Amino acid sequence: MWYGTIYRDVPVPNSTPLVALFDLTSCTVRNFHIDANAVSRSTIGGDGGAMDTTGTGWLADGIRTQHTMSGFWASGTGGKVENSRLTSIWADGINVNNVSMGADTGNNLTVTDNFVRGTGDDAIAINSVNYNTNSDGSKTYYNPMSNVTVSDNTSIAPWGGKGVGIYGGSGHQVRDNYISDTARYIGLGAGRFGVNGSDLLSATVTGNTVVRSGGNAYGQGQAALHIGNGGDGQNTGIVDKVTVTGNTVTGSLYDGIGFSTSTNTLLQDNTVSDPGRNGIAISPPFYPAPTGSATITGNTVTGLGSATSAFVNNSSGFVATLSDNHWPPAAPEGPYGGTPAAVPGTVQAEDYDTGGQGAAYNVTSVNGNANSYRADGVDLDNTSDTGGGYNLGWTSGGQWFRYTVDVATAGTYTLGLRVAAPSAVAGALHLSDASGIDLTGAVDLPATGDWQTWATVTTHVVLPAGRQILTLNQDSGGWNINHLGFATGSGSSSATLTASPGSLTFADQAVNTTSAAQTVSVTNSGTATASITGVTAGGDFAQTSTCGTSLAAGASCTVSFTFRPTASGTRTGTGTLTGNQSNNPTTVALSGTGTDTTGTNLAAGKPTSESSHTDVYPSSNVTDGIQGSYWESANNTFPQWVQVDLGSARSASRVVLQLPATWGARTQTLTLSGSTGGTTPCLIGGVVSSTGGSRSLRDRTGEPFGEEWGAHISGH
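*Asks:* I tried to follow the sheet that holds strand S11 (residues 85-89) on my own but got confused; where do I start?
*Replies:* Working definition: the strands of a sheet are paired by backbone hydrogen bonds and lie parallel or antiparallel to each other. The 11 strands lie next to each other as S1-S4-S7-S11-S15-S20-S23-S26-S29-S32-S35, forming an open sheet whose pairing is parallel. Each having just a single partner strand, strand S1 (4-8) and strand S35 (300-302) make up the two edges of the open sheet. When the angles between neighbouring strand axes are averaged without regard to direction, this sheet yields 10°. Two elements, strand S23 (residues 178-180) and strand S26 (residues 209-211), share 3 bridges in a ladder whose sense is parallel. By the bridge assignment, isoleucine 179 is partnered in S26 with valine 210.

This is the structure:
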């Protein structure tokens, strides 16, 4: 029963930060209903907490709170929140900490017999802060929290946080709570909050029930119950001596129980039923555990789905000691989907065998953003390659994936590896059989230019007939693979030409001018000499080649491309090598941008200098943009010259010398010179002994610069 209602009615949008309705120190508060009209977790939305409290021996009993930013923000020693009901809270429901109201301590606090539903952050949190950074860059440090008890509470449907979060400190007891239906995040987590949180040095989590929890916030597939320093996405700090016993996890959206980096965890006598993915997972995607340790004993996992496991350990550095657990035995290695991939045919890289870490694959870290494809998915990514689907990524030396295949006929097969690599990778991979015998030798990969720009690299393998396991060994990282294609062939040697880089982009280039050359290296990575029948460049591009008519196996040649745009804007073309290579034609994507400076007066307003001038006709008149003004040199003083400083090297399509409109035709001898930096000019072109009002200025190759001459200068 509530004896009084406090309602905060703030005009929104609001511009004034609001404090909590209650700011209390060492007080007892009972039987209030606290409400507000806040419409978001922000000042403009009228936010503001319900109750901030600190001190010793404080009590909040029977408080009903709704529509505020937070319910309880509480620190101090010996305080308690009990018998309270919180619904529709924009941020945390009950947050006990060591910073509220300027405190530095949070010890022996109790949160019990409360009901929390629909919070925009954690429903209930133990939040031990190590330090906060002040506006001047200094830091304020706090005492680690200790001996907090969270018991017999109900947390339902937090839509922006955990049901119960344990963040740092020691000696905490979290027991007999009911947590259900987290919309996006972990249901119950024991870890540390952020880079400024306290390490978690001990806690006991017992007798809790976690139902339909976990979620896919940030595409991460979060577990229902999680232990480790990755629970807030920071993956930093110490999580040690967490005891997790007698808890029930039912219907998790992803893994039932997950571990990131943590040490000396005891996971005992817990029950996981009907998990959406695996029962217990160490180092699941996005929650790395490069090191750690746990004793896992007496636990039960039931209701597993297809291609899932009761227990998976994706980390070679996390030591898990298992005993007396009750769950189905780990599935032996087998083909994904139950049927070996047919050879000849295509083996999708994402369809590696089932069986988990150490059996079907070996990875040093678990990554990926497309892991919903399979419950044991690691290092999977959505591909933009033809056909869509998924590719295998996050490659690294020492990792491997195994594939069970069924070979129709013994013989030599052409192996086409569909790969993408921003840069060329030497010795990227090799394929081996079940005995570890290298079938391909080291395979080099060309630069395709991007993680999702794809090319096919070919080699050959000799395979016996029948069912067998092939291992794709990652010898160096820096590439993705979409699929492996096996095609029958004569078994004879063949040539394969790879171009590196696989694409060229030219900088802006003035129309009808030629760029500097860019060079591509072409290598015959096959086992036979390549016969080259043609090297061409399409579009506004030209090429010169050292490749000749043949290229021996293992040899290289170069093709140099230049760009001469015929129009402004983006220009594209293709460099093509044709011949007898297995990947004929071999292509290089070419692109550049043409710039047309026609109509832009590069000389307008630029500084000038001169040999001399007469009266009020200085050289600055030639760039003032006024046709009626002009430069006049001293009479009979030769040579007579005027110079315009364009400020930097520029491309010009023509030079115009313009007379005042009222002048008639005349005969003059003109030359046009240019230089960089104003020294050592060189002859560009000119008109000699021309009569009339319009003549062409030509460059030294005879190409026209313009159609007019006179006493004004403009460059276009």
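Further notes follow.
*Asks:* How should I be thinking about the sheet that holds strand S50 (residues 497-500) in this particular structure?
*Replies:* Sheet architecture is open: 4 strands sit in the order S50-S53-S57-S55, paired in antiparallel fashion. Here the strands that pair on one side only, and so sit at the sheet edges, are S50 and strand S55 (541-545). For this sheet, the mean inter-axis angle between neighbouring strands, taken without regard to orientation, is 25°. Bridge count for S50 against strand S53 (residues 518-524) is 4 bridges, and the pairing is antiparallel. Residue pairing across strands places alanine 499 opposite valine 522, the latter belonging to S53.

*Asks:* Help me understand empty space enclosed by the protein in this model?
*Replies:* If a probe the size of a water molecule is rolled over the atoms, the empty space left behind becomes visible. In this structure the tally under the stated criterion is 3 cavities of 30 Å³ or more. Its boundaries defined by the atoms lining it, the largest cavity holds a volume of some 60 Å³. A class-by-class count of the residues in the lining of the largest cavity yields 7 nonpolar, 3 polar and 3 charged. Volume-wise, the second largest cavity comes out at about 40 Å³. Around the second largest cavity, the lining residues are Val347, Tyr403, Val405, Leu431, Leu470, Leu484 and Phe486. Secondary structure elements with two or more residues in the lining of the second largest cavity: strand S43 (400-407) and strand S49 (480-488). Residues that form the lining of the second largest cavity fall into these classes: 7 nonpolar, no polar and no charged.

*Asks:* Can you help me understand the layout of surface pockets in this one?
*Replies:* Estimates place the volume of the second largest pocket at around 610 Å³. Along the walls of the second largest pocket sit 29 residues, with Arg41, Asp92, Asp121, Asp122 and Phe193 positioned nearest its centre. Its residues assigned to classes, the lining of the second largest pocket comprises 10 nonpolar, 12 polar and 7 charged.

*Asks:* What's the story with the packing of aromatic side chains in this structure? I'm lost.
*Replies:* Both the distance between ring centres and the angle between the ring planes are used here to describe each pair of aromatic rings. One pass over the structure, following the stated rule, counts 16 aromatic pairs. A centroid spacing of 5.8 Å and a plane angle of 40° characterise the contact between phenylalanine 506 and phenylalanine 563, whose relative ring orientation is tilted. Of the two residues, phenylalanine 506 sits in the loop between strand S51 (503-505) and strand S52 (509-510) while phenylalanine 563 sits in strand S57 (residues 556-563), which places them 57 residues apart along the sequence. The same class applies to phenylalanine 506 as to phenylalanine 563, namely buried. Centre to centre, the rings of tyrosine 617 and tyrosine 630 are 4.7 Å apart; their planes meet at 10°, and the pair counts as stacked. On the criterion of sequence distance, the pair formed by tyrosine 617 in the loop between strand S60 (608-610) and strand S61 (642-644) and tyrosine 630 in the loop between S60 and S61 is long-range, its members being 13 residues apart. On the accessibility criterion, tyrosine 617 (24% relative accessible area) is partly exposed. A cation sits over an aromatic face here: lysine 139 above tyrosine 131, 4.4 Å from the ring centre. Above the plane of the ring of tyrosine 218 lies arginine 184, whose end atom (NZ or CZ) is 5.9 Å from the centre.

*Asks:* Hey, could you run me through the pattern of salt bridges in this one?
*Replies:* Pairing between side chains of opposite charge can happen when their charged atoms approach one another. For the coordinates displayed, the defined rule picks out 10 salt bridges. Arginine 30 is paired through a salt bridge with aspartate 61; the nearest N and O atoms lie 3.2 Å apart. Residue arginine 30 is found in strand S3 (residues 28-30), and its partner aspartate 61 is found in strand S6 (residues 59-61); the two are separated by 31 residues along the sequence. A relative accessible area of 13% means that aspartate 61 is categorised as buried. Note that lysine 80 is salt-bridged to glutamate 82, the shortest N-O span being 3.8 Å.

*Asks:* Any chance you could explain the environment of glutamine 268 here in plain terms?
*Replies:* Relative to the helices and strands, glutamine 268 resides in strand S31 (residues 265-268). Since its relative accessible area comes to 27%, glutamine 268 is described here as partly exposed. When the C-alpha positions of glutamine 268 and threonine 243 are compared, they lie 7.9 Å apart, and in sequence the two are 25 residues distant. Dropping the residues within four chain positions of it, glutamine 268 is found in contact with Val244, Thr245, Gly246, Thr297 and Asn299.

*Asks:* I'm lost on unusual backbone geometry in this one. Help?
*Replies:* Of all residues except glycine, most have a negative phi; of all peptide bonds, most are trans. For the bond from valine 12 to proline 13, the omega torsion is 5°, close enough to zero to count as cis. Topologically, proline 13 is positioned in the loop between S1 and strand S2 (22-25). Of note, the amide linkage connecting serine 500 to proline 501 takes the cis form, showing an omega dihedral of 0°. Summarising the element assignment, proline 501 is placed in the loop between S50 and S51. The backbone of aspartate 181 sits at a positive phi, close to 60°, despite the residue not being glycine. Topologically, aspartate 181 is positioned in the loop between S23 and strand S24 (188-191). Among the residues examined, aspartate 181 registers a relative accessible area of 27% and is labelled partly exposed.

*Asks:* When you look at the side chain of serine 315 in this model, what are you seeing that I'm missing?
*Replies:* Structurally, the position occupied by serine 315 is in the loop between strand S36 (311-313) and strand S37 (318-323). We classify serine 315 as buried; its relative accessible area is 9%. There is a polar contact of 2.5 Å between the side chain of serine 315 and the backbone oxygen of alanine 289.

*Asks:* Explanation requested: the pairing of S43 in the structure shown.
*Replies:* On a regular strand, each side chain points to the face opposite its neighbour's, so the side chains alternate between the two faces of the sheet. S43 sits mainly inside the fold: 6 of its 8 residues count as buried. Here 3 bridges tie strand S38 (residues 341-343) to S43, and the two strands are oriented parallel to one another. For valine 343, the partnering residue across the bridge sits in S43 and is valine 407. Both S43 and strand S48 (residues 466-474) contribute to a ladder of 8 bridges, which runs antiparallel.

*Asks:* For this particular structure, what's the right way to read the pairing of strand S45 (residues 425-432)?
*Replies:* Burial analysis of S45 places 7 of its 8 residues in the buried class, which makes it a mostly covered element. Both S45 and strand S46 (residues 443-445) contribute to a ladder of 2 bridges, which runs antiparallel. Residue pairing for S46: leucine 429 is matched across the bridge by valine 443.

*Asks:* Help me understand the environment of glycine 207 in this model?
*Replies:* Position of glycine 207 among the secondary structure elements: in the loop between strand S25 (203-206) and S26. On the basis of relative accessibility, which here comes to 26%, the residue glycine 207 falls in the partly exposed class. C-alpha separation for the pair glycine 207 and asparagine 247, spaced 40 residues apart in sequence, amounts to 4.7 Å. Here glycine 207 is in contact with Asp176, Asn177, Thr245, Gly246 and Asn247, once residues within four sequence places are set aside.

Parameters and conventions
- Along each chain, the written sequence defines residue order, and numbers are assigned to residues from 1.
- In keeping with the predicted nature of the model, local features appear solely for residues at pLDDT of at least 70, side-chain atom pairs appear and are counted solely at 80 or more, and the whole-chain, interface and lining totals rest on all residues.
- Heavy atoms from the whole structure form the basis of all side-chain values; hydrogens and water molecules are not counted.
- If DSSP finds at least two bridges between two strands, the strands pair.
- Only DSSP runs of H or I covering at least 4 residues are called helices, and only runs of E covering at least 2 are called strands; the numbering of each starts at the N terminus.
- Fitted lines through C-alpha atoms give the axes, limited to the stretch in contact for helices. The angle between two N-to-C directions lies from 0 to 180 degrees.
- The pocket and cavity definitions rest on a 1 Å grid over protein atoms only: a 1.4 Å probe that fits but cannot leave marks a cavity, an open set with protein on both sides within 12 Å along at least five of seven lines marks a pocket, and residues lining either have an atom within 4 Å of a point.
- Grid points are joined across faces, edges and corners, and a volume is the space filled by probe spheres set on the points.
- Polar here means any residue outside two lists: the nonpolar Ala, Val, Leu, Ile, Met, Phe, Trp, Tyr, Cys and Pro, and the charged Asp, Glu, Lys and Arg; Gly therefore counts as polar.
- Pairing of aromatic rings covers Phe, Tyr and the six-membered ring of Trp, with a centre-to-centre limit of 6.5 Å; geometry is then stacked below 30 degrees between planes, edge-to-face above 60, and tilted otherwise.
- Relative accessibility decides the category of a residue: with a 1.4 Å probe and only protein chains considered, values under 20% of the type maximum give buried, values over 50% give exposed, and everything between is partly exposed.
- Geometrically, a charge over a ring is one whose NZ (Lys) or CZ (Arg) sits within 6 Å of the ring centre while staying within 35 degrees of the ring normal.
- Just to be clear on terms, a salt bridge is a Lys or Arg side-chain nitrogen sitting within 4 Å of an Asp or Glu carboxyl oxygen.
- Any pair of residues with heavy atoms lying within 4.5 Å of one another is described as a contacting pair.
- Polar contacts, as used here, are pairs of N or O atoms within 3.5 Å; protein pairs need one atom able to donate a hydrogen and one able to accept it. Residues neighboring in sequence count only if both atoms are side-chain atoms.

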